[in-house]
Amino acid sequence: PFVLEGGAVSVDGCGTVVTTEQCLLHPSRNPTLSRTDVEEALRRALGTTTVLWLPYGLALDRDTDGHVDLIADFIAPGKVLLHQ
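This is a predicted model, so every value here is computed, not measured.

Peer 1: Describe the side chain of Thr16, naming the residues involved and giving the relevant values.
Peer 2: Assignment of secondary structure puts Thr16 in strand S2 (residues 16-20). Once you skip the residues sitting within four places of it in the chain, Thr16 turns out to touch Ser10, Val11, Thr48, Thr50, Leu52 and Phe74.

Below, the structure is given as structure tokens:
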């Protein structure tokens, strides 16, 4: 029910998903869905309970509109490595 590519999210396997507003709230992906709608869809589709939102992905990422996998990933349940 929503647009979601593999690199748009990262999950820790214990109920937490991290994504970016730049990507999943981009008008070309889910223009009719609010942030709350996207969170609910992620919970249903991925079985997660917590959604962590980062505002942006890479500044120069014109191809994926801010996929989270270019800037952050889980290194253990509940622990995110953020690339700077």
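Peer 1: Please set out the side chain of Asp12 residue by residue, giving values where relevant.
Peer 2: Within the secondary structure, Asp12 is located in the loop between strand S1 (9-11) and S2. Despite its burial, Asp12 remains without a salt bridge, the nearest opposite charge being carried by Lys79 at 11 Å. From its side chain, Asp12 meets the backbone nitrogen of Gly78 in a polar contact 2.9 Å long. Look past the residues within four positions of Asp12 in its chain and what remains in contact with it is Phe74, Ala76, Pro77 and Gly78.

Peer 1: For the pattern of salt bridges, give the residues involved together with the corresponding values.
Peer 2: When their charged atoms lie close together, side chains carrying opposite charge are able to pair. With the rule as written, the count across this model stands at 5 salt bridges. Note that Asp65 and Arg29 form a salt bridge whose closest N and O atoms lie 3.0 Å from each other. Residue Asp65 is found in the loop between strand S3 (50-54) and strand S4 (72-76), and its partner Arg29 is found in the loop between helix H1 (21-24) and helix H2 (35-46); the two are separated by 36 residues along the sequence. Arg29 carries the same exposure label as Asp65, and that label is buried. Note that Arg35 and Glu39 form a salt bridge whose closest N and O atoms lie 3.7 Å from each other. Of this pair, Arg35 and Glu39 both sit in helix H2, 4 residues apart, which is roughly one turn of the helix. Using a relative accessible area of 35% as the deciding quantity, one classes Arg35 as partly exposed.

The rules we used
Residues numbered from 1 in each chain as written. Predicted model: local features only at pLDDT ≥ 70, side-chain atom pairs only at ≥ 80, totals over all residues. Heavy atoms only, no water. Helix = DSSP H or I, 4+ residues; strand = E, 2+ residues; numbered from the N terminus. Contact = heavy atoms within 4.5 Å. Buried < 20%, exposed > 50% of the residue type's maximum accessible area, 1.4 Å probe, protein only. Lys, Arg positive; Asp, Glu negative; His and termini not counted. Salt bridge = Lys/Arg side-chain N within 4 Å of Asp/Glu carboxyl O. Polar contact = N/O pair within 3.5 Å; in protein donor to acceptor, adjacent residues only side chain to side chain.

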